[in-house]
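# Architecture and fold: a report
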Amino acid sequence: MLGRRGQATAIGGVFFVLLMVALLGLIFYQIDYEHRFYTKSIEVMEERKRAYTERIKVSENYTITRNYAAADVATFTVLEGDLVSGSNSSLNDIGANYIIVDSDAVFNLTVPGGTTTTTSEAIKNGEFNYGLDYWIYVNGVGSWNTSTYINGTGGLDTAAIYSTIVSGGAVDNAKLYQSFTVGENLKSAELSFNYRMWWELCPFPLPREYIFNLFVFIDNNAIGTYSLTCNEWKSISAIDVTDYLTTPGNHTLEFRIYIYNPNRWLSFSYKVWIDKVSLKLTYIDETAEFSSVVYGIDAMLDLDLPDYYNLTYKLLTQTNISLILDVYAFDEENNIWVLYDKFLTVANEWSNVTLDSPRIRIYAESQHPFRIQFDYLYVETTELNPNGFTLIIENAGDYDLEIVACWLKNETLDALRYEVGRSLLPGERLEVNIPVVLTKGSLYQVRVVTRNNVFKHSFTP
Amino acid sequence: MDKRGQTQVVETVLLIMITIALWTVIWTWFYPMYIGAIQDMGRYLLGYEMALKEWVIVEYVNYTDSTLTVFITNTGDVEVEIGSLYVNDTLVWSDVEKIKVDEMKRLTVSGYTLGGEVLVVKACSLRGNCWQVVERVGP
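Below is a short write-up of the structure.

The rules behind the values
- Residues numbered from 1 in each chain as written.
- Chains lettered and ligands numbered in written order.
- Predicted model: local features only at pLDDT ≥ 70, side-chain atom pairs only at ≥ 80, totals over all residues.
- Heavy atoms only, no water.
- Disulfide = S-S within 2.5 Å.
- Helix = DSSP H or I, 4+ residues; strand = E, 2+ residues; numbered from the N terminus.
- Contact = heavy atoms within 4.5 Å.
- Buried area = accessible area lost by both parts, 1.4 Å probe.
- Salt bridge = Lys/Arg side-chain N within 4 Å of Asp/Glu carboxyl O.
- Polar contact = N/O pair within 3.5 Å; in protein donor to acceptor, adjacent residues only side chain to side chain.
- Nonpolar A, V, L, I, M, F, W, Y, C, P; charged D, E, K, R; others polar.
- Core = buried A, V, L, I, M, F, W, Y, C linked by side-chain atoms within 4.5 Å.
- Buried < 20%, exposed > 50% of the residue type's maximum accessible area, 1.4 Å probe, protein only.
- Pairing = 2+ DSSP bridges.
- Axes fitted to C-alpha atoms, helices over the stretch in contact; angles between N-to-C directions.
- Expected span 1.5 Å × (residues − 1).
- Bend = angle between axes of the 7 residues up to and from the residue.

### Focus: the state of the cysteines
Residues and elements named next belong to chain A. This model, assessed by the stated rule, comprises 2 disulfides over all chains. The disulfide partner of C202 is C230, and the S-S distance across this bridge is 2.1 Å. An S-S torsion of about -90° defines the bridge between C202 and C230 as left-handed. Placement of C202 in the loop between β12 (186-199) and β13 (211-218) and of C230 in the loop between β14 (221-226) and β15 (234-240) is noted, with a sequence separation of 28 residues between them.

The structure is reproduced here in structure tokens:
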């Protein structure tokens, strides 16, 4: 059998085993306890996280839509025009009875005849900004062209220029002209232009035998003769040429240059600039006397309605000619009629005149007598619901939530609690009918209680 | 078997019996402590679980005629015992009010003088959880 040492080892072993079993049991229980502890904690934290991300949208609907019979709320009055037939009750139904209004002559318009004057420019491209377009030119020894120069204000301008060199004993002729048309009833015509004439020996004047002239003609009638200016521009303004243009039709304005160099041996250089050529033609226009009768209809529609948020009504209307209907709405605050809208009607076709003001005037006028028929008035209002309101709750979060209750309160109302107890999936809407008659203009506070939060919302009906 | 062999068997049996007896004595002393510790841990875990499952919503606070009324709904998973109510960190109510799951109760504080329009109302349960809301109330 066992020795003493073996017995001690066996006993110790049994003790050890029993002790280890007990310790391991404790350790495993501790591990299990910790596991359950943390599992529960994490579960609750997850649940709380969902609670903190709860989001809802709260809105309310406290209005209803109502329709009224025209005869109950509308008063139709003809202010201008003749009421042929019909009354307020004619607007109740479509067809059968109409309100028919014929136009009256609202005023006679007579415009006396008279005269007016109009002025127009006859010369095209008088500034030579488009080169020598519209102008016809005849070159002599030299040639016509355009060139720029510095005007009196320091800016650049363009002018027509004739540049020539006339040899000893020679003559040079050149022309620049333009045709224009004169109409009937010419009252006046005024010619103006700028020019500069230069020769090689400037500033010395021309000797007696030398000729250097610029002639201006209208239809070969000499208007003026101009000579050397050297470096100076001269302005010829407002020459009255009416007498040369009394005949309607085509005429010609001509600038003619004549140069004679009597020196037998020397040639000289000559230059002529012309700019800002203008011929103002003033005509007399006579207007005949004009008279016209204007016919019109002015009708007023007054709706007596209870307090509302929104009003829409349609007036089924027909006109026997195409008309512009001006609709004026009454501005209660400023006590004045304000143009609200305009409608263009199609002759002999029914159309709806859509309006949203309770007191309107329909005005139309024409040079011809006309008739307007009103058939049916459709009246629709949006009013405060007299039986309560609907609270609309939408789950705008990512998790489902449970609506526990709703509270309603305002300054004159003790807080009222409505049990709900409904779960809402994400995106789902819940409508809670609350049978409390709201007061218009009063602030209401709503609380929506979920299992985790209280959401507040306020509105003023 | 001779005499010597019988003696050794008896010795061995006696030693095992003595060992088991000693272990029994030790186990008898250790086991109640062991069980007690396990039960304490279980109770603590249960309490912790219960505390985690507590949740109330302070739905509304009303103040009328020197009376402050706090509407509390138990939205948790276990019954809650509200033990104290604080307004602006001052204890104004202390009692035990049991609120069952999904039940709403109103706690009334009479003779309360309003210090300001904005109140920080805190309700605490006997398990140590507190829920706080900020409310604007009128006198």
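### Re the interface of chain B and chain A
The interface of chain B with chain A comprises 38 residues on the first partner and 35 residues on the second. Summing both partners gives a buried area of about 3,300 Å² for chain B against chain A, and 65% of it is carried by carbon and sulfur. Put simply, chain B and chain A have 3 salt bridges between them. Scanning the region where chain B abuts chain A turns up 9 residue pairs in polar contact (both at pLDDT 80 or more). Residues that form the side of chain B that touches chain A fall into these classes: 23 nonpolar, 8 polar and 7 charged.

### Observations concerning the nonpolar core
With 51 residues, the main nonpolar core has F193, L245, F255 and L279 of chain A as its most contacted residues. Of all the elements, strand β17 (residues 268-287) of chain A adds the most residues to this core, at 9 residues.

### Concerning the sheet that holds strand β25 (residues 389-395) of chain A
All names here are of chain A. In spatial order, the strands read β1-β25-β28; together these 3 strands make up an open sheet with antiparallel pairing. Pairing within the sheet leaves two strands with one partner each, and these edge strands are β1 (56-61) and β28 (429-434). The mean inter-strand angle of the sheet, taken between neighbouring strand axes irrespective of direction, is 20°. Sheet analysis places β25 next to β28, joined by 6 bridges and oriented antiparallel. Within β28, the position partnered with T390 by the bridge is N433.

### Side note on helix α1 (residues 3-53) of chain B
Residues and elements named next belong to chain B. With 51 residues, α1 extends 72 Å from end C-alpha to end C-alpha; this agrees with the ideal 75 Å at 1.5 Å per step. Its axis deflected by about 30° at F30, α1 carries its strongest bend there, up to four residues before the proline P32. Within α1, burial applies to G5, T12, T19, W23, Y34, I38, M41, L45, E49, A51 and L52.

### Quick look at the environment of L253 of chain A
Residue and element names in this part refer to chain A. Structurally, the position occupied by L253 is in strand β16 (residues 249-260). On the accessibility criterion, L253 (0% relative accessible area) is buried. Taking C-alpha positions, L253 is 5.9 Å from F217, a pair spaced 36 residues apart along the chain. The residues contacting L253, other than those within four sequence positions of it, are I123, L176, Y177, Q178, F180, L191, V216, F217, I218 and V277.

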